[in-house]
Amino acid sequence: MLWIVIHNRIDSRKQQRGETVARVKAISDLTNNDIEDFIRQNYDEIYKYCYWKVRNTLDAEDLTQEVFLRFVKNLDRYTDKGKPKALLYTIARNLCINKSKQKTLLSLDAAENIKSDSKTEEIENRMMLEQYLYTLSKEQQEILLLRYGQDLQINEIAEITGLSRFTVMYRIKTALAALNKKMKEDAYEK
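The residue count restarts for each chain, going from 1 along the sequence in the order it is written. Confidence filtering applies because this is a predicted model: local features only for residues at pLDDT of at least 70, side-chain atom pairs given and counted only at 80 or more, and all residues used for totals across whole chains, interfaces and linings. Hydrogens are left out, water is left out, and the side-chain values use all remaining heavy atoms of the structure.

So, on to helix α7 (residues 138-149). Within the sequence span of α7, burial applies to Q140, Q141, E142, I143, L144, L145 and L146. Labels follow the DSSP assignment, with helices taken as runs of H or I lasting at least four residues and strands as runs of E lasting at least two, numbered in each case from the N terminus. Residue D151 follows α7 closely and has a positive phi angle near 55°. Here the term buried applies to any residue with accessible area under 20% of the maximum for its type, exposed to any over 50%, and partly exposed to those in between, with areas from a 1.4 Å probe on protein chains only.

The following block contains the structure:
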């Protein structure tokens, strides 16, 4: 049976320790409002993930909508006891892969699409980091995006990608090493 985190609330005992307690409901007990709340809670994260993968605002919006449409449409057929957030990322990942196959060239409009009121230096650093990330393999890019771009835990990444936790940890380590090496090489050349 699939369980969904609906609302976060703070238990009075745990409030002193700053811990949040999540209330969960079974799929059979969900109302339309519960599903809408779940979508609202996860929409931005899924959009960011899709945007990172396709590098196009309109495509990312379309893919994000499609993720949630497929999630809701197939909710009653989902029998795994996994986390629904992992299901969302799995759907998003597959849709992004399909979209990549359809397109031969992906546009990179990073300067126009960064929605940040931060300083120019921060934007330049982010763009430079993105350029370094694009020198990595698609596998390495995705594993770093899930871990650091989406702040997912190792177990969640393993569930989304279908890899073991140890393989995920190894790939993160090797991707970071490759990224670090490329950045040092560029710094040495300058």
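Within the element layout of this structure, T161 appears in helix α8 (residues 154-161). What makes T161 buried here is its relative accessible area of 15%. Between the alpha carbons of T161 and L146 there is a distance of 9.9 Å; along the sequence they are 15 residues apart. Whether two residues are in contact is decided by their heavy atoms, any of which lying within 4.5 Å being enough. Residues contacting T161, with those up to four places away along its chain left out, are R93, L146 and V168.

In this section: the confidence of the model for the protein. Taken as a whole, the protein shows an average pLDDT of 75; of its residues, 69% reach a score of 70 or greater. Predicted confidence in the protein is weakest over strand β1 (residues 3-9), with a mean pLDDT of 42, and strongest over helix α3 (residues 57-73), with 92. Across the chain, each position has a pLDDT score giving the predictor's confidence in that residue, from 0 to 100. Residue range residues 1-24 is modelled with pLDDT below 50. Its contacts to residues more than four positions away, or to other chains, number 51 contacts. Contacts of residues 104-118 to residues separated by more than four positions or lying in other chains number 20 contacts, the stretch itself having pLDDT below 50.

With that out of the way, let us pick up the side chain of Q150. Positionally, Q150 belongs in the loop between α7 and α8. Judged by its relative accessible area of 7%, Q150 falls in the buried class.

Our focus in this paragraph is the packing of aromatic side chains. For any two aromatic rings, the description comes down to two numbers: the centre-to-centre distance and the angle of the planes. Side-chain rings of Phe, Tyr and Trp, where Trp is taken by its six-membered ring, are said to pair if the distance between their centres is within 6.5 Å; with planes under 30 degrees apart they count as stacked, over 60 as edge-to-face, and otherwise as tilted. Applying the stated criterion across every chain, the model contains 5 aromatic pairs. Residues F38 and F71 carry aromatic rings whose centres are separated by 5.3 Å and whose planes lie at 25° to one another, so their mutual orientation is stacked. Here F38, found in helix α2 (residues 32-54), pairs with F71, found in helix α3; they are 33 residues apart in sequence, far enough to count as distant. In terms of burial, F38 and F71 fall into one category: buried.

Let us now look at the pattern of salt bridges. By salt bridge we mean one thing: a side-chain nitrogen of Lys or Arg within 4 Å of a carboxyl oxygen of Asp or Glu. Under the definition given, this model contains 7 salt bridges. When the shortest N-O distance is used, the salt bridge between E45 and K85 registers 3.0 Å. Placement of the pair is E45 in helix α2 and K85 in helix α4 (residues 84-102), with a sequence separation of 40 residues. You can call E45 partly exposed: its relative accessible area is 25%. Put simply, K99 and D59 hold a salt bridge, and the shortest N to O gap is 3.7 Å. Here D59 lies in helix α3 and K99 lies in helix α4, a separation of 40 residues in the sequence. Its relative accessible area of 11% is what places D59 among the buried residues.

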